[in-house]
Amino acid sequence: MSISIQFAYLIASILFVVGIKMLNRTKTARKGNMVSAIGMFIAILATVVQVDAISLVDILICVVIGSGIGLAIATKVEMTKIPEMVALFNGFGGLASLAVALSDYWLNSQVRLLEVDSIMGISVAVGIFIGGITFSGSMIAFLKLNGRISGRAITFKGQHPINLVLLITAIVITVIALMNTSDPMFMLILVGISLLLGILTVIPIGGADMPVVISLLNSYSGMAACATGFVLNNNVLIVSGALVGASGIILTQIMCKAMNRSLVNVLLGGFGQTSGQVTDDGEQVSVKEVGIEEAAQIFDSVSSLIIVPGYGMAVAQAQHAVRELSELCEKKNISVKFAIHPVAGRMPGHMNVLLAEANISYDKLIEMDDINDEFATTDLVFVIGANDVVNPAARTNPASPIYGMPVLNADKAQTVIVSKRSMGKGYAGIENELFGYDNCLMLFGDAKQTITKLVNEIKEL
Ligand code: NAP
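Residues numbered from 1 in each chain as written. Predicted model: local features only at pLDDT ≥ 70, side-chain atom pairs only at ≥ 80, totals over all residues. Heavy atoms only, no water.

Right, let's talk about helix H1 (residues 3–22) for a bit. Along its 20 residues, H1 runs 29 Å from first to last C-alpha, staying within 8% of the 28 Å computed at 1.5 Å per residue. Within the span of H1, buried status applies to Ile5, Ala8, Tyr9, Ala12, Ser13, Phe16 and Gly19. For H1, the buried positions fall inside an angular range of 140° around the axis, keeping them on one side. Of the residues in H1, the exposed ones pointing more than 90 degrees away from the buried face are Ile3, Ser4, Phe7 and Lys21. (Helix = DSSP H or I, 4+ residues; strand = E, 2+ residues; numbered from the N terminus. Expected span 1.5 Å × (residues − 1). Buried < 20%, exposed > 50% of the residue type's maximum accessible area, 1.4 Å probe, protein only. Arc of directions from axis to C-beta.)

And the structure:
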């Protein structure tokens, strides 16, 4: 590989790292995305110019088809369907790694009739194995998220021992395959095992735990790409794969913490059997309703306000109305902060993205750990389409499916107003005892319409 190609790969790798660093802050995130995209463009260009096995026209046709499909999906997808799209993309990443590793193995062992060296052999096996798990696991995650198969944890007896046997078989098959490089049959068996293992490790995972799985599969897709980088002896693929693998694992760990799961639990699969779309048969909580006028008067009388956004805000697309409300309150000298739960909404950073889109200053968005102590000294909490992330049962009720999950202490504020359409449950499918608390008032209706009316009413006061 020429020095100029290596140099281009180095520049691309640096741009990836800088781009990821810039994703750290909402203010720089868009530019970070652009920086990484430029890095990717350089990497693709450097790769394309050195390819001699395929014509440039063939490559261009594939690029146009692939980009067209990606563009069509990305522009059409609704914000609430992003996790499904990520699952699908992860799966394709895994499939690409599997295909590259398999074809390279085939070329080396069959066509070129060369001995496959051990590093390359192991890389091929890892690429196939992780790529296969990522592909089938992501497809199951996709089907679960869009409701084509049950979102609940599907478990059966002996699940873990079967997974363990499959894992051991995969290792044995890999060793045999590397010792018999002239027979590609063994690598094909490895493909089958990895696909099966992907299915078996994701089906036992329940609805509310899916975000962790998506993030983990994202990390797997990076690891598979990294292994493929070794197969192809391509440094930029090794670096970018490692970046995706490492950042996916870090995100997985953050989400595990937010959902009170251990990473070991995730890696073993089979968690989330008690949470996720569980319907409890508990008694209906009796609630106090508040009207727009009364709610406006409460807003007008407070000096501190914490807004808790949740999935319902995304559904209602209420973020712009929320910004208007927060600006109006600030004009009335009310201190306004936003409390962001790490798994509010349906994807990591969901609330941050929506609020940033509405130009709400990033400084006002406070992470759960930093704001939880402030609720007790706050006059008013306005919960907008959030449910599970403010359910006190997670702290107080050991029988609750979400017991142990860290939640926002909204109930500790002097007054809580909850904007939602009905007494509908949240993602975990359980009642929220907060709604029945003495200090809690329900403001029923679609969040966007309600907040727009509320803003008009406050303006009149
Ligand atoms: P949630 O518990 O799912 O509750 C959302 C609430 O929004 C519902 O109770 C619903 O009640 C209300 N709502 C829906 N449409 C609305 C509208 N148009 N206007 C007003 N309210 C509306 O949401 P959350 O508190 O944000 O918690 C997130 C949950 O999703 C957690 O259980 C989390 O584990 C899970 N999850 C998170 C991710 C992630 O990565 N962030 C991914 C997948 C799952 P009504 O029907 O009565 O209106």
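The discussion continues.
The immediate surroundings of the ligand are formed by 30 residues, with Asn387, Asp388, Arg421, Ser422 and Asp446 found nearest. A distance of 3.0 Å separates an oxygen atom of the ligand from a polar backbone atom of Tyr311. Note that an oxygen atom of the ligand is positioned 2.8 Å from one of the side-chain N or O atoms of Ser422. Taken by itself the ligand offers 920 Å² of open surface, and the protein chains cover 96% of this. Here the shell around the ligand gets four residues from one element, more than from any other, and that element is helix H12 (residues 311–316). Of the residues belonging to the shell around the ligand, the class tally is 16 nonpolar, eight polar and six charged. (Near = heavy atom within 4 Å. Polar contact = N/O pair within 3.5 Å; in protein donor to acceptor, adjacent residues only side chain to side chain. Areas by Shrake-Rupley, 256 points an atom, 1.4 Å probe, with all protein chains shown as cover. Nonpolar A, V, L, I, M, F, W, Y, C, P; charged D, E, K, R; others polar.)

On to the sheet that holds strand E2 (residues 335–340). Pairing between the strands of a sheet is mediated by backbone hydrogen bonds and can be parallel or antiparallel. What the six strands build is an open sheet, ordered E3-E2-E1-E4-E5-E6; its pairing is parallel. Strands with a single pairing partner mark the edges of an open sheet, and in this sheet they are strand E3 (365–367) and strand E6 (440–444). The mean angle between the axes of side-by-side strands here comes to 25°, regardless of whether they run parallel or antiparallel. Where E2 and E3 come together, three bridges link them in parallel fashion. In the sheet register, Ala339 faces E3, and the bridge partner there is Ile366. The strands that helix H14 (residues 350–357) touches are strand E1 (304–309), E2 and E3; relative to E2, the one it contacts most, it runs at about 145°. (Pairing = 2+ DSSP bridges. Axes fitted to C-alpha atoms, helices over the stretch in contact; angles between N-to-C directions. Contact = heavy atoms within 4.5 Å.)

Right, let's talk about the packing of helix H5 (residues 118–145) against helix H8 (residues 210–232) for a bit. Relative to each other, H5 and H8 sit at 155°, their axes nearing to 8 Å. With respect to their mutual orientation, H5 and H8 come out roughly antiparallel. Crossing handedness for the pair H5 and H8: left-handed. Class assignment for the residues of the contact of H5 with H8 results in 16 nonpolar, seven polar and one charged. (Parallel < 35°, antiparallel > 145°, perpendicular 65-115°, else oblique. Left-handed = near helix turned anticlockwise from the far one by under 90°.)

Nothing here speaks to function; it is all geometry.
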